[in-house]
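Take a look at the letters that make up each chain.
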Amino acid sequence: MPPSKQQFLDDLARRLKDLGNRPDKHKIDALGSMASAVLGGNIAGVSEKDVGDFVKSRLVRAAPDCKVPILYLIDSIIYNLRRSSYPSIFQEHLPIIFRDTYQSVKEA
């Protein structure tokens, strides 16, 4: 049985937290697979916008030393799922996301 929306988002939150402060290809790939699963409709009630907004909100709240790996995740999702709506979901706020990440890491 596929996970519920809440179970999916809880798992996504746990995996984002586990990403830590170093970009890890295997963890980023696993998170990208979760984003991809949403495309196939495997997660009832979860849209690409839900995932995009969730990842963006976690990036904003992340500690400065944990922001860069989430930025790598966003880049990976945009690149690997470029035929989806993820690029446009992230593109809307990408300049702000990048600027805020750069400033917070620079200050840390």
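Look up: the structure comes first, before these words.
Residues numbered from 1 in each chain as written. Predicted model: local features only at pLDDT ≥ 70, side-chain atom pairs only at ≥ 80, totals over all residues. Heavy atoms only, no water.

Chemist: Describe in detail the environment of D75, supporting the description with residues and values.
Modeler: You can see D75 is positioned in helix α4 (residues 67–80). Assessed through its relative accessible area of 51%, D75 is described here as exposed. Sequence-wise, D75 and F90 are 15 residues apart; in three dimensions their C-alpha atoms are separated by 9.2 Å. (Helix = DSSP H or I, 4+ residues; strand = E, 2+ residues; numbered from the N terminus. Buried < 20%, exposed > 50% of the residue type's maximum accessible area, 1.4 Å probe, protein only.)

Chemist: Hey, could you go over the nonpolar core for me, with residue numbers and the actual values?
Modeler: For soluble globular proteins, the rule of thumb is that nonpolar side chains tend to be buried together. Grouped together as the largest cluster of nonpolar side chains are 27 residues, with contacts concentrated most on F8, L12, L16, V51, V55 and Y86. For this core, the secondary structure elements donating two or more residues are α1 (5–18), α2 (25–39), α3 (48–61), α4 and α5 (86–91). If near-sequence neighbours (up to four positions away) are discounted, L12 is found in contact with L31, M34, V51 and F54. (Core = buried A, V, L, I, M, F, W, Y, C linked by side-chain atoms within 4.5 Å. Contact = heavy atoms within 4.5 Å.)

Keep in mind these numbers describe shape, not what the thing actually does.
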